[in-house]
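A closer look at the structure
What follows is each chain in one-letter form.
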Amino acid sequence: MSVTKPFPESVLISESCLQNRIRELGTQIFTDYENQELVLLGVLRGSVLFFADLARAIFKAQHESQTREVTLRFEFVQLVSYHDSTQPSTVQLIRGGSDYLKQRHVLIVEDIVDTGRTLNFLCEHLQTLNPKTVKVCTLLDKPSQRQVSVAVDYIGFEIPDTFVVGYGLDYAQQYRNLPYIAVLESI
Ligand code: XMP
Ligand code: MG
């Protein structure tokens, strides 16, 4: 099925800016979890590029430290939001979030926190699985749109109230493979 493609312009966060910040986040996360085992829990699909670069940034921090390490495990969940013009969106888990997380340190890796509903749902679900700790790392934060208060421990960039695509984020499943974050000209 073809979708009329709005033109993604302008670049909001460049590729080098993304990579520099992710390198910093990797170092900070490595320091906070050093000598521990950590489950990186990616939220499909938007976080995949960020997840992959963040995991490598944590390894690079370890490589530089030489004496300390963080043992990383990868897990994924997939959530869907159902929108209704009269109700706040309802979130549902459609994949992942298993008993495997029990008594483990879990770091949720998200693409963007907007209203906070998705993250709030996921955090509540994870509590039923008895993890040791749960923290959140998001690449982007849109605090102006928050409807539900959620604690976010690591934030890549705070952005204004604008719809963004690229670096995992989509419009109608397109633009996910842009290596930068862009603002759509018209949607
Ligand atoms: P909430 O509102 O639950 O939203 O915090 C989280 C999910 O909504 C999607 N989202 C976006 N996707 N550009 C996108 O491509 C955006 O500007 C945007 N804002 C929210 C995204 O999937 C996120 O996980
Ligand atoms: Mg997401």
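Described below are features of the structure shown in this document. (Residues numbered from 1 in each chain as written. Chains lettered and ligands numbered in written order. Predicted model: local features only at pLDDT ≥ 70, side-chain atom pairs only at ≥ 80, totals over all residues. Heavy atoms only, no water.)

1. Re the site of ligand 1
Taken together, 15 residues surround ligand 1, and among them Asp114, Thr115, Thr118, Val164 and Asp170 come closest. Asp114 is positioned such that a nitrogen or oxygen atom in its side chain is 2.8 Å from a nitrogen atom of ligand 1. Within the side chain of Thr115, an N or O atom sits 2.5 Å from an oxygen atom of ligand 1. Burial of ligand 1 by the surrounding chains reaches 80%, relative to a free accessible area of 510 Å². Residue assignment for the shell around ligand 1 shows that the elements contributing at least two residues are strand S5 (105-113) and helix H3 (117-127). No other element matches S5, which puts four residues into the shell around ligand 1. (Near = heavy atom within 4 Å. Polar contact = N/O pair within 3.5 Å; in protein donor to acceptor, adjacent residues only side chain to side chain. Areas by Shrake-Rupley, 256 points an atom, 1.4 Å probe, with all protein chains shown as cover. Helix = DSSP H or I, 4+ residues; strand = E, 2+ residues; numbered from the N terminus.)

2. Thoughts on the coordination of the magnesium ion (ligand 2)
For the magnesium ion (ligand 2), the full set of protein donor atoms is Glu110 (OE) and Asp111 (OD), and the range of their distances to it is 2.3 to 2.5 Å. The exposure class of Glu110 is buried, given its relative accessible area of 5%. (Donors = N, O, S within 2.8 Å, 3.2 Å for Na, K, Ca; no water. Buried < 20%, exposed > 50% of the residue type's maximum accessible area, 1.4 Å probe, protein only.)

3. Here's the deal with the state of the cysteines
For the structure shown, the criterion picks out zero disulfides. Cys137 provides the cysteine sulfur closest to Cys17, a residue in no disulfide bond, and the two sulfurs are 16 Å apart. Under the relative-accessibility criterion, Cys17 is labelled partly exposed at 36%. Cys123 provides the cysteine sulfur closest to Cys137, a residue in no disulfide bond, and the two sulfurs are 13 Å apart. (Disulfide = S-S within 2.5 Å.)

4. Focus on the packing of aromatic side chains
Taken as a whole, this structure holds three aromatic pairs when the rule is applied. Where Phe51 meets Phe76, the ring centres are 4.7 Å apart and the plane angle is 40°; that geometry is what we call tilted. Separated by 25 residues along the polypeptide, Phe51 in helix H2 (residues 48-65) and Phe76 in strand S3 (residues 71-84) bring together distant segments of the chain. Classification of Phe76 as partly exposed rests on a relative accessible area of 32%. (Phe/Tyr/Trp six-rings, centres within 6.5 Å; stacked < 30°, edge-to-face > 60°.)

The values reported here are purely geometric and, on their own, carry no functional implication.
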